[in-house]
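# Secondary and tertiary structure notes
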Amino acid sequence: MSEVNHSTAAGQTLARNQQIVVFKLGQEEYGLSIDQIKEVVITPTVTRMPQTPAYVKGVANIRGNVIAILDLEEKFGLVRNTDADFKGNNYTLVIESDEYKMGILVREVPNTLSISTSSIENSIFTGDQQAEQSYIVGIVKLEKQLIIMIDIFKVISEQEGQLFKKQDEVAA
Amino acid sequence: MSNENKDQEYREIFLAEALENYTEINRLLTVVEKNVHDASSVQALFRITHTLKGNATGMGFDKIAEMAHVMEDFFGEVREGRILLGNEIFTSVFKAADVLGELIEAIKTPRDVKYRGIKTKLEIVIKNAKPSADKDSSAAKTQPGNVVASKENEQITTLGTEETPEPEVNNEAEHEVESTNVTFSDLVQVPVKKLDNLLNLVGELVIERDRIIANTASGHSSNEYSRLNRISSDLQYSVMDVRLVQVGFLFNKFHRIVRDAANKESKVVKLKLEGTETEIDRNVLQVISDSLIHLIRNSVGHGVEKPDQRKTKGKPEEGTVTLSASSESDNVIIKIKDDGAGIDPAKIKAKAIEKGVISAADANQMSDRDLIGLIFEPGFSTMDHVTAISGRGVGMDVVKKALDSIGGTVNVDSMIGEGSIFTLSLPSSMAVKSTLLFDLENQTYAIPLSYTESVISIYKSEIHKAANGLIAVHLGHTIHVVFLADLFATHTEPKKKRYQKFDQLHQEQKLEIVVVFFNGKRIGFVVDKLLQQKEIVEKPLKKPYDSIPFLSGVTILGNGNVCLSLSIPGIINSILNNQTSKTINA
């Protein structure tokens, strides 16, 4: 995805506007490029699956498609709010690519935001080399907000590796 | 009458394929003409002519087979770099392709096509490329065929002045392209992907229908939906029927495989085909095709003895491998039978102990049948030396895995000195599965009926802890009892105690147990509540969670919830693996 951004940015003016979808995970705000998201739906009944990591909540039926539902809060190790205003993960972002189709649990209806591509800071150092190089695309700094832009498909492919590792361990 | 129809059908399929091959050959030739160093196109040409040759041989179109064979040889030489492509050679190759096209055309409208001239010319080119080696084979190639010798001579003499016959051939080729379009009209080739998609949609429709009927069953009379029910069922079966192919289509390719395998081992083997008109889902056939090839090669390589050995045993020198197919309710049974030496359980036992597949103590307790079953264990081979076609010890376990993946089974029956029978039981369709639905921790799961032996209800007090497992005895069978809930939990919470659920139960609690039988193991799964028997349309899992061993797929229930369909082979293998790793640790 980041490659696509690069090429389009290079093709036109540098200060191009980009639509992103912003959602809250833990206390942080995360952003996804809008073209990675197919729709936002009210979370359907999720069927738990065995032999998957804990952050894979299971599978659900979304318009006849059975897709995996992920909890990124659990995946990123963000502290879960246990206070009273937590009403559950009511919405699901449906992510789609040619290869993958899956849902991400969020608590509130996500916002869409139009930002200038130049406001994405690509070179960041978080101390976690792995995460930086894989799924964190950059940081968007707005007046009162800091949005972590992620490439969801890289998150998934990282998981995939973990899943297989886990299975190998089980088999060994 | 039906046989004639089948023949006609085969001819049409062959014709469509052959014409496609012919078009592809022409396209690739023009590519190669522009760039003679295009190795991948030459390779593609080699492959296409090879396929065409194989198909033509299978159908008994000897002329096409001969022509394709020469072209295959030719492209083989080009690929090896022994023939350099020049203008002159291209003229010949294009002409050869045209003649090939004419021969294919001649199936539809029988007429005499002169093909030997160009064939011989190519043969000469090939012979010149490798001066000494293959005189025999090319001489042999010209021999078969029933065209009168004088005609052949006549053709050869015209070789020098090839300019004259060529325009005529070209005209004919053009003419032929026109009539070709007509052939396509009564046979449509559809990519499998489109069929899969269609089947998926029909599956959706059936699920949706069930949902609507379930929701409104109370209010309206069920009559209202009977038409919808019937039409959608008919639609579902029609789509499934489209995906069915005759096993003969695959079986016919085995003549060559048997011949090659027998030749390499200097054995004489004939292949007998039975029940070639049996229909089976195309995807199932695709999954098992490699396994079948392997089993057939094994029958020739391991089963059938050398002619002199057979003679001393009082058998005919020629061994017979019989490949038969038949339908049995929802399943297709494929049998591979040879009249060879049979499998010696004692040999298997010795080998298994030597290779460390099982311990000597275990082996002594096993029945002959179980011992023979060991050939499906990974890394097992009884051949003392590795041969070209069989005996690498990879394969039988792969066969088993392929069958497991589609919910099929494989069994071996063998009599020393009389031969072996491998019986494959395959689902005739991969899309619809008969399952038993049950509840477990407020979720509904489906378990395929093909592995389900019985459903029993027993008290907790009848289940006993034995070593690391739980055991119950029912109707004389010892059943290994597994709490599915615990099994599913061990993967997310490895520290959870193995029998937590069991220990929590009251002594007099009645337990519902689904008993499955797979791979010689009888295992009972404790579930919360049994629901009903149901035909489900199974969908594969989507990436990236498409390879969870415990699950074979998912389906959507009438209430819109997702139901997981369990993979019995996956679960049982995982249970077995856990046990073996435990014993190693201990």
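Residues numbered from 1 in each chain as written. Chains lettered and ligands numbered in written order. Predicted model: local features only at pLDDT ≥ 70, side-chain atom pairs only at ≥ 80, totals over all residues.

Here we come to the overall build of chain B. When its secondary structure is counted, chain B shows 21 helices and 18 strands. Burial statistics for chain B: of 586 residues in total, 33% are counted as buried. Once local pairs closer than 6 in sequence are excluded, the contacts in chain B between residues at least 24 apart make up 67%. (Helix = DSSP H or I, 4+ residues; strand = E, 2+ residues; numbered from the N terminus. Buried ≥ 20, exposed ≤ 12 C-beta atoms within 10 Å, placed from the backbone. Contact = placed C-beta atoms within 7 Å.)

Of regular secondary structure, chain A possesses four helices and 11 strands. Residue burial in chain A is summarised as follows: out of 172 residues, 28% are buried. Nonlocal contacts in chain A, meaning residues at least 24 apart in sequence, comprise 53% of its contacts between residues at least 6 apart.

On to the interface of chain A and chain B. Listed by partner, the interface residues are 25 residues for chain A and 20 residues for chain B. Elements supplying a minimum of two residues to the side of chain A that touches chain B: β4 (56-62), β5 (65-70) and α4 (152-171) of chain A. Per-element tally for the side of chain A that touches chain B: the top contributor is α4(A), with six residues. Of the residues belonging to the side of chain A that touches chain B, the class tally is 14 nonpolar, seven polar and four charged. (Nonpolar A, V, L, I, M, F, W, Y, C, P; charged D, E, K, R; others polar.)

Residue and element names in this part refer to chain B. In the sheet, strand β8 (residues 432-440) pairs with strand β16 (residues 529-537) via seven bridges, with the strands oriented antiparallel. Counted as the bridge partner of Leu436 is Gln533 from β16. As paired strands, β8 and strand β9 (residues 443-448) are joined by six bridges and run antiparallel to one another. From the neighbouring strand, Thr435 faces β9, where its bridge partner is Pro448. Where β8 folds back on β9, the antiparallel hairpin that results is connected by two residues, among which Glu441 adopts a positive phi of roughly 50°. (Pairing = 2+ DSSP bridges.)

With that settled, consider the confidence of the model for chain A. Regions with low pLDDT should not have their predicted coordinates read in detail. All names here are of chain A. Overall, the prediction assigns chain A a mean pLDDT of 74, with 69% of residues at 70 or greater. Note on residues 1-13: pLDDT under 50 across the span, and 11 contacts to partners over four residues away in sequence or across chains. pLDDT under 50 marks residues 164-172. Its contacts with residues more than four places away, or in other chains, come to three contacts. (pLDDT = per-residue confidence, 0-100.)

What follows concerns the environment of Thr47(A). One can find Thr47(A) in the loop between β3 (37-42) and β4. A sequence separation of 22 residues divides Thr47(A) from Ile69(A), and the C-alpha atoms of the two residues are 9.2 Å apart. If we ignore the near neighbours within four places in the chain, the residues touching Thr47(A) are Gly58(A), Val59(A), Ala60(A), Gln443(B), Asn561(B), Val562(B) and Leu564(B).

Once that is clear, we can look at the pairing of strand β14 (residues 510-518) of chain B. Every other side chain in a regular strand lies on the same face of the sheet, so the side chains alternate between the two faces. Residue and element names in this part refer to chain B. Pairing of strand β10 (residues 452-459) with β14, which is carried by seven bridges, proceeds in the antiparallel orientation. Following the sheet pairing, Ile456 is matched in β14 by Ile513. Examined bridge by bridge, β14 and strand β15 (residues 521-527) share seven bridges and lie antiparallel to one another. Across the sheet, the residue bridging to Phe518 is Lys521, located in β15. Where β14 folds back onto β15 in an antiparallel hairpin, the turn is made up of two residues, including Asn519, whose phi is positive at roughly 60°.

If you look at the biggest cluster of nonpolar residues, it comprises 77 residues, and the most contacted ones within it are Val59(A), Ile150(A), Phe525(B), Val526(B) and Leu566(B). Counting 38 residues, the second-largest nonpolar core is a separate cluster that includes Val247(B), Ala261(B), Ala262(B) and Phe422(B). (Core = buried A, V, L, I, M, F, W, Y, C linked by C-beta atoms within 7 Å.)

All names here are of chain A. Strand order across the open sheet formed by five strands is β3-β6-β7-β5-β4, with mixed pairing between neighbours. Each edge of the sheet is formed by a strand with only one pairing partner; in this case those strands are β3 and β4. Strand-to-strand twist of the sheet, defined as the mean angle between neighbouring strand axes without regard to direction, takes the value 30°. Bridge count between β5 and strand β7 (residues 101-106): three bridges; the pairing is parallel. Residue Ala68 lies in a different strand from β7, and its bridge partner there is Met102. (Axes fitted to C-alpha atoms, helices over the stretch in contact; angles between N-to-C directions.)

All names here are of chain B. Mapped onto the elements, Leu426 comes out in strand β7 (residues 419-427). The exposure class of Leu426 is buried, given the 25 C-beta atoms found within 10 Å. Once the C-alpha coordinates of Leu426 and Ile334 are considered, the two residues, 92 residues apart in sequence, prove to be 7.8 Å apart. Those residues within four positions of Leu426 in sequence are excluded, and the remaining contacts are Ile280, Val284, Ile288, Asn331, Val332, Ile334, Ile406 and Gly408.

Before going further, it helps to spend a moment on the packing of helix α9 (residues 192-216) of chain B against helix α10 (residues 226-242) of chain B. Residues and elements named next belong to chain B. Taken N-terminus to C-terminus, the directions of α9 and α10 make an angle of 160°; their axes are 10 Å apart at the nearest point. One finds that α9 runs roughly antiparallel with respect to α10. Where α9 crosses over α10, the two elements pack in a sense that is left-handed. In contact with Leu195, Leu198, Leu199, Val202, Leu205, Val206 and Arg209 of α9, α10 contributes Leu228, Asn229, Ser232, Leu235, Gln236, Val239 and Val242. Here the contact of α9 with α10 is composed, by residue class, of 10 nonpolar, three polar and one charged. (Parallel < 35°, antiparallel > 145°, perpendicular 65-115°, else oblique. Left-handed = near helix turned anticlockwise from the far one by under 90°.)

With that out of the way, let us pick up the packing of helix α12 (residues 254-264) of chain B against helix α13 (residues 282-303) of chain B. Residues and elements named next belong to chain B. For the pair α12 and α13, interaxial distance at closest approach is 9 Å and the crossing angle is 35°. Seen along the crossing, α12 lies across α13 with a hand that is right-handed. Residues Phe254, Ile257, Val258, Ala261 and Ala262 of α12 form the contact with α13, whose participating residues are Ile293, Ile296, Arg297, Val300 and Gly301. Among the residues making up the contact of α12 with α13, the classes are represented as eight nonpolar, one polar and one charged.

Residues and elements named next belong to chain B. Phi angles above zero are rare outside glycine, and Glu441 is one such case at about 50°. Note that Glu441 resides in the loop between β8 and β9. Although it is not a glycine, Leu475 adopts a positive phi angle of roughly 50°. If you trace the backbone, Leu475 turns up in the loop between β12 (469-474) and β13 (477-483).

Take the confidence of the model for chain B next. All names here are of chain B. For chain B, mean pLDDT is 76; residues scoring 70 or higher make up 81% of the total. Here helix α7 (residues 149-157) stands out as the least confident element of chain B, with mean pLDDT 40; β9 is the most confident, with 91. Counting contacts from residues 132-185, a segment whose pLDDT is below 50, to residues more than four positions away or on other chains yields 38 contacts. The ipTM, which scores confidence in the relative placement of chains, is 0.73 for this predicted complex, and the corresponding pTM is 0.56.

Residues and elements named next belong to chain B. Taken in spatial order, the six strands of this open sheet run β10-β14-β15-β13-β12-β11, and their pairing is mixed. The open sheet has two edge strands with one neighbour each: β10 and β11 (464-466). Going from strand to strand, the sheet's axes swing by 40° on average, the running direction of each strand aside.

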